[in-house]
Amino acid sequence: MSQPILDVKNLTVDFGGVRAVNSVNIQLEPGEFVGLIGPNGAGKTTIFNLITNAIKPTAGTIEFKSKNILGKSPDRICQLGISRTFQNIRLFPQMTAYENVELGFHSEPHYSLAEAFVRTPRARRIEIDTRKKAMELLEMVNLKEHSHARASSLPYGLQRRLEMARAMATNPELLLLDEPAAGMNDDECNDLIKLIREIHTTKGYTMIMIEHHMNVVMDLCRDSRIYVLNLGSLLAVGSPTEIQNNPDVVRAYLGEPKND
Ligand SMILES: Nc1ncnc2c1ncn2[C@@H]1O[C@H](COP(=O)(O)OP(=O)(O)OP(=O)(O)O)[C@@H](O)[C@H]1O
Ligand SMILES: [Mg+2]
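Residues numbered from 1 in each chain as written. Chains lettered and ligands numbered in written order. Predicted model: local features only at pLDDT ≥ 70, side-chain atom pairs only at ≥ 80, totals over all residues. Heavy atoms only, no water.

Caption draft 1: Representation of the domain arrangement of the chain. Annotation of the chain at the domain level lists domain 1 (1-81 + 172-260) and domain 2 (92-165). On a C-alpha basis, the centres of domain 1 and domain 2 stand 28 Å from each other. Listed per partner, the contact involves 17 residues of domain 1 and ten residues of domain 2. Carbon and sulfur atoms make up 69% of the surface buried where domain 1 meets domain 2, a total of about 1,100 Å² over both sides. In this structure, the connection of domain 1 to domain 2 is made through zero salt bridges. Linking domain 1 with domain 2 are one residue pair in polar contact (both at pLDDT 80 or more). Here the side of domain 1 that touches domain 2 gets eight residues from one element, more than from any other, and that element is helix H7 (residues 186-203). Looking at the side of domain 1 that touches domain 2 residue by residue, the classes come out as nine nonpolar, three polar and five charged. (Domains from an automatic or database assignment. Contact = heavy atoms within 4.5 Å. Buried area = accessible area lost by both parts, 1.4 Å probe. Salt bridge = Lys/Arg side-chain N within 4 Å of Asp/Glu carboxyl O. Polar contact = N/O pair within 3.5 Å; in protein donor to acceptor, adjacent residues only side chain to side chain. Helix = DSSP H or I, 4+ residues; strand = E, 2+ residues; numbered from the N terminus. Nonpolar A, V, L, I, M, F, W, Y, C, P; charged D, E, K, R; others polar.)

Here you go:
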């Protein structure tokens, strides 16, 4: 493996007496797309919370581009190039789709308040540039014609796409998607597969996707690998075929066969 972009070692977190994540190792090469699956409560979202420093680990290390990122604020993590979407959509519901994406561009201030106040040519140029880039992202996720719609008025599937556009606005190198297909029907899932593949190929991000829709995971990870988490520990890592034929994985999802 070349120099990993993300290197997670022995990541562990305890909540009270419960070990939610237990000595997990994940290494990603730049530009890889990997899946993270596992039964409910396996610890998948907790791993995203740890990588983005929303919570602190009990033990373990996280390096991004060969630098330790533990202890950095979530804002700093975002500036360093890690962005995410949330399992429970987190948009500003009263703002328009455009405004939600535009906010993503301001994770790092590009001009001072004074410049904004007197509207210097530089501040105006940056404003125009931001508008262009925000509209490009909305177009990419097929939301251009909804740019003036309030986020809360959009159907659920479109809100998920809007979250992706906002996450991309921070110009990440690592993009974490937490159940992007949640609540979607088969047709919507197929459209989403196309969109996520397009995002991955055109933007070149390194991506980790948590997902319960197996067809979405198997399709998007067909050339790469899937991490399977169970009860906080990694149970298996492998290609979609290896994972589907792994008896431990099948048991974790279906439970132990009854002997009676
Ligand atoms: N902040 C927290 N405080 C206490 N317990 C937590 C916290 N966050 C998660 N947990 C617990 O840790 C375990 C793993 O939760 P997590 O949300 O990571 O699971 P998940 O794999 O994402 O599940 P799902 O597929 O249902 O989203 C669960 O038992 C959960 O209740
Ligand atoms: Mg989760």
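Let's pick the thread back up.
Caption draft 2: Expanded view of helix H5 (residues 121-140). A rise of 1.5 Å per residue sets the reference length of H5, with its 20 residues, at 28 Å; its end C-alpha atoms lie 29 Å apart and thus fit the reference within 8%. By the burial criterion, the buried members of H5 are Ala123, Ile126, Thr130, Ala134, Met135, Leu137, Leu138 and Met140. Asn142 sits one or two residues past H5 and shows a positive phi near 65 degrees. (Expected span 1.5 Å × (residues − 1). Buried < 20%, exposed > 50% of the residue type's maximum accessible area, 1.4 Å probe, protein only.)

Caption draft 3: Region of the structure containing the pattern of salt bridges. Summed over all chains, the structure comprises twelve salt bridges. In this structure, Lys132 engages Glu136 in a salt bridge whose closest nitrogen and oxygen atoms are separated by 3.6 Å. With Lys132 and Glu136 both in helix H5 and four residues apart, this pair spans about one turn of that helix. With a shortest N-O distance of 3.7 Å, Glu139 and Lys144 are connected by a salt bridge. Among the residues examined, Glu139 registers a relative accessible area of 46% and is labelled partly exposed. Bridged by salt links that share partners, the residues Arg197, Asp219 and Arg222 form one connected network.

Caption draft 4: View of the environment of Pro247. With respect to the helices, strands and loops of the structure, Pro247 is situated in helix H10 (residues 247-254). Overall, Pro247 belongs to the exposed group, its relative accessible area being 52%.

Caption draft 5: Structural detail: the pairing of strand E2 (residues 18-28). In the sheet, strand E1 (residues 6-15) pairs with E2 via seven bridges, with the strands oriented antiparallel. The partner of Val8 across the bridge, within E2, is Ile26. (Pairing = 2+ DSSP bridges.)

Caption draft 6: Quick look at the sheet that holds strand E6 (residues 82-84). Taken together, the six strands give an open sheet; going across it, the order is E6-E7-E8-E3-E9-E10, and neighbouring strands pair in mixed fashion. In this open sheet, the two edge strands, each paired with only one partner strand, are E6 and strand E10 (233-238). Geometrically, the sheet is characterised by an average inter-axis angle of 20 degrees between neighbouring strands, direction not taken into account. Bridge analysis of strand E3 (residues 33-37) against strand E9 (residues 226-230) gives three bridges, and the strand direction is parallel. Within the sheet, the bridge partner assigned to Leu36 lies in E9 and is Tyr227. Strands in contact with helix H1 (residues 44-51) are E3, E6, strand E7 (174-178), strand E8 (206-210) and E9; relative to E7, the strand with the most contacts, it is inclined by about 150 degrees. Together, E3, E7 and E8 form the strand contacts of H7, whose direction differs from that of E8 by roughly 160 degrees. (Axes fitted to C-alpha atoms, helices over the stretch in contact; angles between N-to-C directions.)

Caption draft 7: Highlighting the pairing of E10. In terms of strand pairing, E9 meets E10 through five bridges, oriented antiparallel. Bridge pairing in E10 places Leu229 opposite Leu234.

Caption draft 8: Highlighting the layout of surface pockets. The volume enclosed by the largest pocket comes to roughly 570 Å³. Along the walls of the largest pocket sit 21 residues, with Pro74, Asp75, Cys78, Phe86 and Thr170 positioned nearest its centre. When contributions to the lining of the largest pocket are tallied by element, the ones reaching two or more residues are helix H2 (74-80), E6, helix H3 (97-104) and helix H6 (156-169). When grouped by side-chain class, the residues that make up the lining of the largest pocket number ten nonpolar, six polar and five charged. (1 Å grid on protein atoms, 1.4 Å probe; cavity = no way out; pocket = protein on both sides within 12 Å on 5 of 7 lines; lining within 4 Å. Points joined across faces, edges and corners; volume = space filled by probe spheres on them.)

Caption draft 9: Representation of the coordination of the magnesium ion (ligand 2). Protein-derived coordination of the magnesium ion (ligand 2) comes from Thr45 (OG1) and Gln87 (OE1), at a distance range of 2.0 to 2.1 Å. Here Thr45 is found in helix H1, whereas its partner Gln87 is found in the loop between E6 and H3, with 42 residues between them in sequence. Residue classification places Gln87 among the partly exposed positions, given a relative accessible area of 31%. (Donors = N, O, S within 2.8 Å, 3.2 Å for Na, K, Ca; no water.)

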